[in-house]
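# An overview of the molecular structure
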Protein chains: 2
Amino acid sequence: MKPVAVIVGFAKIISLLTGGTVASATMKMIASATGVSKATVSRAFHAPHLVDPKTRLKIMQVAEQYNYVYNAAAGDLSRKKSSLIGVLVPGPNKSFFGTSLIAMQDKAQEEGFSLVIGNTKYDCRIEKKIVEQFQEHRVAGLILTGFLKSNEVYFYNLVRKDIPCVFTWETMADQGLNYVGFDNYDAAFRITDYLVGLKHRRIGLLVGPYSKISRAASRLEGYRAALKKNGIDFDPQLVKEREPSHIEGKEAVKEFLKIKNRPTAIFAASDTLAIGAITGLKEKGLKVPEDISIAGFDDIEFAAFCDPPLTTIRVPSYEMGKLTMKVLIEMIRGASSQIRQYDLSTDLIIRNSCAELQR
Amino acid sequence: MKPVAVIVGFAKIISLLTGGTVASATMKMIASATGVSKATVSRAFHAPHLVDPKTRLKIMQVAEQYNYVYNAAAGDLSRKKSSLIGVLVPGPNKSFFGTSLIAMQDKAQEEGFSLVIGNTKYDCRIEKKIVEQFQEHRVAGLILTGFLKSNEVYFYNLVRKDIPCVFTWETMADQGLNYVGFDNYDAAFRITDYLVGLKHRRIGLLVGPYSKISRAASRLEGYRAALKKNGIDFDPQLVKEREPSHIEGKEAVKEFLKIKNRPTAIFAASDTLAIGAITGLKEKGLKVPEDISIAGFDDIEFAAFCDPPLTTIRVPSYEMGKLTMKVLIEMIRGASSQIRQYDLSTDLIIRNSCAELQR
DNA sequence: TTGTACGCGTTATCAC
DNA sequence: GTGATAACGCGTACAA
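Here is what the cut-offs are and how they apply
- Residues numbered from 1 in each chain as written.
- Chains lettered and ligands numbered in written order.
- Predicted model: local features only at pLDDT ≥ 70, side-chain atom pairs only at ≥ 80, totals over all residues.
- Heavy atoms only, no water.
- pLDDT = per-residue confidence, 0-100.
- Contact = heavy atoms within 4.5 Å.
- Pairing = 2+ DSSP bridges.
- Helix = DSSP H or I, 4+ residues; strand = E, 2+ residues; numbered from the N terminus.
- Axes fitted to C-alpha atoms, helices over the stretch in contact; angles between N-to-C directions.
- Near = heavy atom within 4 Å.
- Polar contact = N/O pair within 3.5 Å; in protein donor to acceptor, adjacent residues only side chain to side chain.
- Nonpolar A, V, L, I, M, F, W, Y, C, P; charged D, E, K, R; others polar.
- Buried < 20%, exposed > 50% of the residue type's maximum accessible area, 1.4 Å probe, protein only.
- Arc of directions from axis to C-beta.
- Disulfide = S-S within 2.5 Å.
- Salt bridge = Lys/Arg side-chain N within 4 Å of Asp/Glu carboxyl O.

### Brief notes about the confidence of the model for chain A
A residue-level look at chain A finds 86% of positions with pLDDT of 70 or above and a mean pLDDT of 87. Note that residues 1-17 of chain A has pLDDT below 50 and, in this model, 38 contacts with residues that lie over four places away or in other chains.

Structure follows, in structure tokens:
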């Protein structure tokens, strides 16, 4: 049952009635002005070698004179192709997503595609609505970034249907989906292992909602694996699941302090949480890293400029965006329909927010 | 002379040849399946009252069954309207622009428009190219955010021509352009005046490239006016023009320290610069605000969580985005062609990075 | 209330 | 090389 799509299409049509006017010179016009047929004009543009240099020059001149601009929508319609790509982001204010977005834009433009962006604000219904908008504009492909688990079924249908899709930053279970991301497990493992190397054995984990976001779950696993490798027992008390925001980080860290035999280091699986945590510790009169070490995740621009500069994991945002778009465009062009999954590697960036345990 | 547009259109056509395939149920199909004409189907959607409830219901059912999705591009073509709006941003990684973007998206979707976004990376040629891409997709309108002065002439032509345009965050000289922004002059005046109220008389200004960005110029003027009002002589030595980045802020503040009779307070006309400045001061062993006061501008999310929390100017990003889109859509719908300019008001947010001058 | 016929701006397939 | 002509999917007089 999919009546919703129909209703939405309906509402859209109504609103279009009051949409923006469009007018411009057409091929037909410049054809008659040049004294040739529109077929020739079309050819002059997309197959110059098939047209006499003289007439071609003339056509170009007239086009220029009339300030002609190609109509991509009409072309797409005729050709039954699309030069639009839809990108779904959970909110463009996250600086790391932003970097990915820039990369996608770069690549898309390079290849002659335009980007339509929709931000979901982490709301399933909005997400659904935007995808429908995308479909009405006949996007050639879809990039899904950091979507929510709750929409899994919906997307699963979408992907299996017709539109080429690439997931990035976040993917669904272990379906055969195209995906570009990075190894969350490995990154979490390494930074946890690093903290153990600094003699910490009580290491707190401040992580995103892993029940909803699988990359958070991977980070939890990486953390546990690192503990295990070093013979440290896992203590559920030391794991706190929070939305990634400064405030949540600030509040959560205070709860960590209340634990008897409290952690000497905390791995906050997002720089935002880490910075909030540092703020919270300062409020409590504790020093980072002397009294407690804090490690982050993401390497946002600000991480190098907070106090103390944050030890964290650098995520290859730009490369991810570029690769995601590359994969999608290759799918669109039908180069190969095999499933592609990439995990780019991350870097451990050591700054000054973690220190060796003193005792 | 505008041969560039033509050449670009040409390149685009080539690339489209390898674009994405599009296929879906059409009105024609659901018409024959229902046993009516496509005109009736069309009406069933956008003028339900003109069609018999029975046939309408039947059409809807069939549409649903065939999983019909409205083709906005075709509709736009036929109606000579457009439901696409182009937004030009200088790079989506700035969190304050990001907030505006979300607002625009919200409003646009509400009104049945989709957003096509292009980021210029502060590069004139890219900017130009993207606008051409927009034109090829026949965007109904254009939002220009924080553009560069160097492109002024180009945009001036664009605006005067055909496409409805609204400028935001930044506008051109005092042409009759539609604009939504905030009062940079007033904001700079107030925060400078606030610093004077804290007994500072040597106040440094760390400002964006005011020769290129007019809002930076306004902030400079507001700063000067506040000094004048308080009988303080303007000292060119105390003004430094820098690109808004952490590093520039860090470096610039060190130069301030070299000045004999150095400033006791610095107004950094961007939080990024301010935070960089604080970092620089800490490196030099100085305390904020005890040794020197720092004020910012923008109130980015992080401003409340740095050390010390930043006294700054809050900019109504969300409201600006919403209003900008509202104005544009009204223009598109031709409600009125009169020029509209808005300056929203800002708030002075007092935190702990500025203190009264001790002596 | 419904159908016919044409147009929107472009491309593709034939001919010439 | 170039020109008719028919699509592409939809809207809309106009007529029935």
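### What to know about the sheet that holds strand S11 (residues 293-295) of chain B
Residue and element names in this part refer to chain B. Strand order in the open sheet formed by 4 strands is S9-S8-S10-S11, and the pairing between neighbours is parallel. With one partner strand each, in any of the chains shown, strand S9 (239-241) and S11 form the two edges of the open sheet. Across the sheet, the axes of successive neighbouring strands diverge by a mean angle of 15 degrees, strand direction being ignored. The pairing of strand S8 (residues 203-207) with S9 spans 3 bridges and is parallel.

### Focus on the protein's contact with DNA strand D
Surrounding DNA strand D, one finds 28 residues, the nearest of these being A:Thr40, B:Met27, B:Ser42, B:Tyr68 and B:Ser78. In the interface set of DNA strand D, defined as its atoms within 4 Å of the protein, sugar plus phosphate atoms amount to 67%. B:Met27 is positioned with one of its backbone polar atoms (N or O) 2.6 Å from a phosphate oxygen of DNA strand D. Between B:Lys38 and DNA strand D, the recorded distance is 3.0 Å, taken from a side-chain N or O atom to a base nitrogen. Of all elements in the fold, only helix H3 (38-46) and helix H5 (72-79) of chain A together with helix H3 (38-46) and helix H5 (72-79) of chain B reach the threshold of two or more residues within the surface near DNA strand D. Per-class residue counts for the surface near DNA strand D are 11 nonpolar, 11 polar and 6 charged.

### A word on helix H2 (residues 27-34) of chain A
Residue and element names in this part refer to chain A. All of the buried residues along H2 are Met 27, Ile 30, Ala 31 and Thr 34. Buried residues in H2, looked at end-on, bunch into an arc of 110 degrees, giving them a common side. Exposed residues lying more than 90 degrees from the buried face of H2 are Lys 28 and Ser 32. Residues of H2 that are buried make contact with H3 and helix H4 (53-65).

### Concerning the state of the cysteines
Among covalent bonds in proteins, the disulfide is the one between the sulfur atoms of two cysteines. All names here are of chain A. Summed over the entire model, instances satisfying the criterion amount to 0 disulfides over all chains. With no disulfide of its own, Cys 354 lies 11 Å from the sulfur of Cys 306, the closest cysteine sulfur. When its relative accessible area of 9% is taken as the criterion, Cys 354 is described as buried.

### Section: the pattern of salt bridges
Residues and elements named next belong to chain A. Within this structure, the stated rule accounts for 33 salt bridges over all chains. Its salt-bridge partner being Arg 314, residue Asp 299 comes within 2.9 Å of it at the nearest N-O pair. Here the residue Asp 299 occupies a position in the loop between strand S11 (293-295) and strand S12 (312-314), and Arg 314 occupies one in strand S12, the gap between them amounting to 15 residues. For Asp 299, a relative accessible area of 15% translates into the label buried. Judged by its relative accessible area of 37%, Arg 314 falls in the partly exposed class. Where Asp 299 meets Arg 351, a salt bridge forms, and the shortest distance between an N and an O atom there is 3.1 Å. You can see Asp 299 sitting in the loop between S11 and S12 and its partner Arg 351 sitting in the segment after strand S14 (347-349), a full 52 residues away along the chain. Three or more residues are tied together by salt bridges with common partners; here these are Lys 107, Glu 110, Glu 111 and Arg 333.

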